Amino acid sequence: MSDIVLVGINHKTAPVELRECIAFSKEESITAVQTLLRQPDLNEVILFSTCNRVEVLFVTDNKSRAISTTKEFIADFNKIPLEQFENVLYIHEGDEAVRHVFRVASSLDSMVVGEPQILGQIKEAYRTASGLNTSGVILNRLLHRTFFVAKRIRTETGIGDRAVSISFAAVELGRKIFGTLEGKTVLLIGAGEMAELSVEHLIRNKAGDIYVANRTFENGVALAKEFNGQALRFEEISDCLKFIDIIISSTGASDFVITRDQVKGVLRARRSRPLFFIDIAVPRDIDPAVNRLSNSYVYDIDDLKDVVDENMEDRQQEAVKAGRIVDEAVINFRQWHASLDVVPTIIALRNKVEAIAQAEIKKTLQSNKFPDSGVEALNKMANSLTNKILHDPTIFLKKNGMLADRSLYIDAVRKLFKLDE
Amino acid sequence: MEILIILTILAYMLSTAAYFAYLFLQKNNLQRIGYFILAAGILFHTATIISGFTKTGHLPVGNLRETLSLAAWAVGGVFLVIQHKYNLKILGIFAAPLVTLVMIMVSLLPSAPAQVSNIFKNFWLISHVVAIFIGEASFALAGGLGVLYLIQENAIKTKKRRFFFKRLPSLDLLDITGYACIVVGFTLLTLGLITGFIYAKSIWGRFWSWDPKEVWSGITWILYAILLHERLTVGWRGRKSAIMAIIGFGVLLFTFLGVNLLLEGHHGEFTKF
């Protein structure tokens with residue numbers, strides 16, 4: 001029976017300096033899988049290469065030779081001596097390899113558990129492999145199961161539900177306050193990567209008009225252009241609070257940019273519509289006392305970090321549930337993979353044909369009267385028919401003369417005779 | 001009749017269980033199951049009320065048992081409509097146990113035969129009772145929504161999120177739904193009061209007789225009128241609105257039950273037991 005093996009490195013085992021030396025670009029991975037498949041011991045190959053991991057998944061009839069071939073290939077291809085990375089390589093075989101693929105695709109092995117990109121990257125890698133025909137019966141099945149497991153984990157556990165970055169956490173909180181962010185006006189005070197990212201998330205959630213206020217008006221104009229928004233002068237902020245719903249502040253000011261009295265003054269004009277302040281600045285821009293005003297909510301950077309931490313914890317808990325789904329899928333896959341072995345297939349085939357013969361004999365005997373000797377003859381005939389029919393397929397399956405990929409034939413036999421049902 | 005009540009209570013209990021399971025497990029199907037079981041319960045409940053109606057020939061509000069039963073029915077019905085319209089799944093956690101508890105109380109109360117009187121065949125009286133009950137049910141839900149709003153707002157303000165933060169919907173949805181409940185409740189309460197006045201005029205020859213129930217209904221009406229007025233003029237919303245809805249519900253409960261049980265008046269007979 002052929003084995004499934006996975007050889008790789010990831011962010012847990014290797015530092016980024018090493019990972020970037022080994023990473024394969026899209027074009028490189030095309031050549032890589034084709035070259036690997038030409039090696040005598042590798043029957044099927046898929047290569048995953050992302051910024052956090054490089055993994056070669058293959059099917060082989062000779063594990064030890066295939067593993068060393070693959071290691072040497074990685075070293076040669078990237079022109080880096082094997083000794084430099086051999087100790088950080090992990091090798092998973094059989095169930096462990098299957099489990100690893102399931103976990104990776106379900107984002108249980110990611111740096112940020114639950115992040116959704118990895119599944120897309122695996123799908124992309126699989127598309128490359130299947131396009132070049134480097135994946136076969138076993139890996140095709142394995143990858144399809146993988147996508148199924150990943151989807152199941154995403155829908156049945158909350159692994160990807162909660163925001164785990166500051167900017168997403170801000171959007172999530174905004175939704176809890178406003179319901180929908182559609183049409184909500186946003187004011188960005190100052191500038192900064194995290195603040196701008198938050199604005200982008202808000203825009204993606206269909207936020208309404210965007211305003212940008214900066215101490216240097218020119219900078220504000222430039223930034224406003226990026227968001228298709230409008231620049232404001234710093235002195236206008238007070239007035240604008242009347243119609244703005246979400247304020248993201250990230251200035252270098254040492255004093256509060258927005259004070260309690262400023263907000264209190266506009267509440268009536270706003271007819272108490274909620275105001276949400278996201279204060280990313282250190283020292284803080286928004287007077288924390290604003291949070292005590294009615295329908296005004298202030299979250300500073302620490303509060304948002306707490307949200308992220310809590311959500312991370314939630315994800316870890318959900319990951320335990322996900323682990324259970326993975327375990328179940330590994331067992332199912334093992335059963336299927338084991339059935340690809342020759343002997344169980346021959347037995348299943350024989351059982352199937354014998355069962356058909358027995359059923360037909362029973363039917364015939366029910367509707368016709370035979371003497372005992374006739375029944376015996378009938379049974380004999382059924383037996384020899386069964387043996388004759390099964391003779392050639394059995395010889396074919398038993399002989400190692402099958403070209404290339406044995407699992408391909410076994411799979412075909414199982415499908416032709418519906419042995420898996 | 002008894003079997004119908006038992007079926008009703010059973011359905012309400014199951015629905016409550018489903019909603020609680022939903023609260024903890026957050027599986028959307030549980031909430032749907034809760035909704036459908038509650039709807040089934042309402043059907044049984046409707047059958048109970050109709051059977052009471054056909055047996056006696058008048059609207060079954062002759063004693064405390066029947067009155068509470070009708071009130072629970074109204075709460076359940078209004079809840080189904082609200083959930084259908086606003087998809088506010090979590091409100092079931094308030095409505096389902098409420099109707100269950102009321103119905104259990106109903107089943108424990110003696111079903112003393114009400115003295116047969118013809119007053120319940122009067123159109124104005126029936127309109128009065130139906131409008132008041134549905135209006136009060138809306139206020140009850142508005143009160144529940146007010147509580148949910150305060151819980152959620154507290155979670156957001158104090159930044160202690162954990163259990164409820166995830167499970168409750170946005171402040172905006174809670175606020176808007178609460179407002180809708182109050183608008184519906186206020187409209188029906190107004191209609192109920194008007195039909196009540198007309199009925200009073202036709203029976204006793206005067207619109208208003210300073211009966212405690214009337215006075216307290218007036219107070220309730222004024223309270224909700226202030227709430228709506230403030231919302232429309234200066235935009236009272238969120239926390240204040242939620243607190244008012246809860247206070248309103250408290251006053252309403254007193255008007256509905258307290259007045260009858262503690263004070264004397266011509267509504268007293270409806271809550272005899």
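None of the values given here were measured: they were computed from a predicted structure.

Basis of the calculations
- Residues numbered from 1 in each chain as written.
- Chains lettered and ligands numbered in written order.
- Predicted model: local features only at pLDDT ≥ 70, side-chain atom pairs only at ≥ 80, totals over all residues.
- Helix = DSSP H or I, 4+ residues; strand = E, 2+ residues; numbered from the N terminus.
- Rg over C-alpha atoms; globule rule 2.2 N^0.38 Å.
- Buried ≥ 20, exposed ≤ 12 C-beta atoms within 10 Å, placed from the backbone.
- Contact = placed C-beta atoms within 7 Å.
- Pairing = 2+ DSSP bridges.
- Axes fitted to C-alpha atoms, helices over the stretch in contact; angles between N-to-C directions.
- Nonpolar A, V, L, I, M, F, W, Y, C, P; charged D, E, K, R; others polar.
- Domains from an automatic or database assignment.
- Expected span 1.5 Å × (residues − 1).
- Parallel < 35°, antiparallel > 145°, perpendicular 65-115°, else oblique.
- Left-handed = near helix turned anticlockwise from the far one by under 90°.
- Arc of directions from axis to C-beta.
- Core = buried A, V, L, I, M, F, W, Y, C linked by C-beta atoms within 7 Å.

The next thing to look at is the overall build of chain B. Helix and strand counts for chain B come out as nine helices and zero strands. For chain B, the α and β elements follow one another from N to C terminus as α-α-α-α-α-α-α-α-α. The C-alpha atoms of chain B give a radius of gyration of 19 Å, which matches the 19 Å a tight globule of 273 residues would have. On the principal axes, the C-alpha backbone points of chain B span a range of 55 × 50 × 30 Å. Every one of the 273 residues in chain B was classed for burial, and the buried ones make up 46%. For chain B, the share of sequence-separated contacts (at least 6 apart) that also reach a separation of at least 24 residues comes to 78%.

For the rest of this paragraph, the subject is the sheet that holds strand E2 (residues 42-49) of chain A. Residues and elements named next belong to chain A. The antiparallel open sheet is built from four strands, whose spatial order is E2-E3-E1-E4. Single-partner strands in this sheet number two, and they are E2 and strand E4 (90-93). Strand after strand, the sheet turns through a mean of 15° between neighbouring axes, direction not considered. The pairing of E2 with strand E3 (residues 53-60) spans seven bridges and is classified as antiparallel. Considered in E3, the bridge of Ile46 is made with Leu57. Here helix H2 (residues 26-38) sits on the sheet and contacts E2 and E3; the angle it forms with E2, its principal contact strand, is near 160°.

Turning to the interface of chain B and chain A, a few remarks are in order. If you look at the interface, chain B gives 16 residues, while chain A gives 16 residues. For the side of chain B that touches chain A, the secondary structure elements donating two or more residues are helix H5 (123-158), helix H7 (171-204) and helix H9 (239-262) of chain B. Top element by residues in the side of chain B that touches chain A is H7(B). It accounts for three residues. Across the side of chain B that touches chain A, the residue classes break down as six nonpolar, three polar and seven charged.

As a further point, take the domain arrangement of chain B. All names here are of chain B. Here chain B is described as being made up of domain 1 (1-111) and domain 2 (118-266). In this structure, domain 1 and domain 2 have C-alpha centres spaced 19 Å apart. Facing 19 residues of domain 1, the contacting portion of domain 2 comprises 20 residues. When residues of the side of domain 1 that touches domain 2 are traced back to their parent elements, those giving at least two are helix H3 (64-86) and helix H4 (92-108). Ranked by residue count, the leading element in the side of domain 1 that touches domain 2 is H3, at eight residues. Tallied by class, the residues present in the side of domain 1 that touches domain 2 amount to 17 nonpolar, two polar and no charged.

The next thing to look at is the environment of A:Val353. Residues and elements named next belong to chain A. Checked against the element boundaries, Val353 lands in helix H13 (residues 342-367). Along the backbone, Val353 and Ile410 are 57 residues apart, and their C-alpha atoms lie at a distance of 17 Å. Residues in contact with Val353, not counting those within four places in the same chain, are Thr386, Ile389 and Leu390.

Let us now look at helix H7 (residues 166-178) of chain A. Residues and elements named next belong to chain A. Between the first and last C-alpha of H7 there are 18 Å, a value that for 13 residues agrees with the 18 Å anticipated at 1.5 Å per step. Burial in H7 covers these residues: Ser167, Ala169, Ala170, Val171, Leu173, Gly174, Lys176, Ile177 and Phe178. Just downstream of H7 lies Gly179, where phi reads positive at about 80°.

Turning our attention to the packing of H13(A) against helix H15 (residues 406-416) of chain A. All names here are of chain A. The interhelical angle for the contact between H13 and H15, taken along N-to-C directions, is 20°, at an axis separation of 11 Å. Of the possible angle classes, the one that applies to H13 and H15 is roughly parallel. Crossing hand, H13 versus H15: left-handed. In this structure, H13 uses Val342, Thr345 and Leu349 to contact H15, whose residues at the interface are Ile410, Val413 and Arg414.

For the rest of this paragraph, the subject is the packing of H5(B) against H9(B). All names here are of chain B. The geometry of H5 relative to H9 is characterised by a closest axis approach of 8 Å and an angle of 140° between their N-to-C directions. By the angle between their directions, the pair H5 and H9 is classed as oblique. Crossing of H5 against H9: the hand is left-handed. Contact residues: H5 offers Glu136, Phe139, Ala140, Ala142, Gly143, Leu145, Gly146, Val147, Tyr149, Leu150 and Glu153, while H9 offers Arg239, Ala242, Ile243, Ala245, Ile246, Gly248, Phe249, Leu252 and Phe256. Grouping the amino acids of the contact of H5 with H9 by side-chain chemistry returns 14 nonpolar, three polar and three charged.

With that settled, the discussion passes to the environment of A:Leu385. Among the structural elements, A:Leu385 can be located in helix H14 (residues 372-398). Here the alpha-carbon distance between A:Leu385 and A:Glu20, two residues 365 residues apart in the chain, equals 63 Å.

It is worth spelling out the domain arrangement of chain A at this point. Residues and elements named next belong to chain A. The domain architecture assigned to chain A consists of domain 1 (3-156), domain 2 (166-307) and domain 3 (340-416). Just the C-alpha atoms count here: the centres of domain 1 and domain 3 sit 40 Å apart. Across the contact, four residues belong to domain 1 and four residues belong to domain 3. Broken down by class, the residue content of the side of domain 1 that touches domain 3 amounts to two nonpolar, two polar and no charged.

Further remarks concern the sheet that holds strand E8 (residues 246-250) of chain A. Residues and elements named next belong to chain A. Taken together, six strands build an open sheet; the order of strands is E7-E6-E5-E8-E9-E10 and the sheet is parallel. With partners counted over all chains shown, the strands left at the sheet margins are strand E7 (230-232) and strand E10 (296-300), one partner each. Taking the axes of each pair of neighbouring strands and ignoring which way they run, one obtains an average angle of 20° across the sheet. Bridge analysis of E8 against strand E9 (residues 275-279) gives four bridges, and the strand direction is parallel.

Residue and element names in this part refer to chain A. Its 16 residues place the ends of helix H3 (residues 63-78) 23 Å apart at the C-alpha level, agreeing with the 22 Å of an ideal helix rising 1.5 Å per residue. Regarding H3, the residues found buried are Ala66, Ile67, Thr70 and Ile74. All buried residues of H3 lie within an arc of 100° about the axis, which places them on one face of the element. Every exposed residue of H3 that faces more than 90 degrees away from the buried side is listed here: Ser64, Glu72 and Asp76.

The next subject is unusual backbone geometry. Residues and elements named next belong to chain A. Residues Val282 and Pro283 are joined by a peptide bond in cis, for which omega reads -5°. By secondary structure assignment, the location of Pro283 is in the loop between E9 and E10. If you check the backbone angles, Lys206 has positive phi at about 65° while not being a glycine. With respect to the element layout, Lys206 can be found in the loop between helix H8 (193-204) and strand E6 (210-213).

In this section: the nonpolar core. A:Val186, B:Val75 and B:Leu141 are the most contacted members of the largest nonpolar core, which has 118 residues in total. For this core, the leading source of residues is H5(B), giving 16 residues. When sequence neighbours within four positions are dropped, the list of residues in contact with A:Val186 reads A:Val199, A:Leu202, A:Ala207, A:Ile210, A:Tyr211, A:Ile246 and A:Ile248. Core analysis: the next-biggest nonpolar cluster, separate from the first, contains 53 residues, A:Ala14, A:Phe24, A:Tyr126 and A:Ala319 among them.

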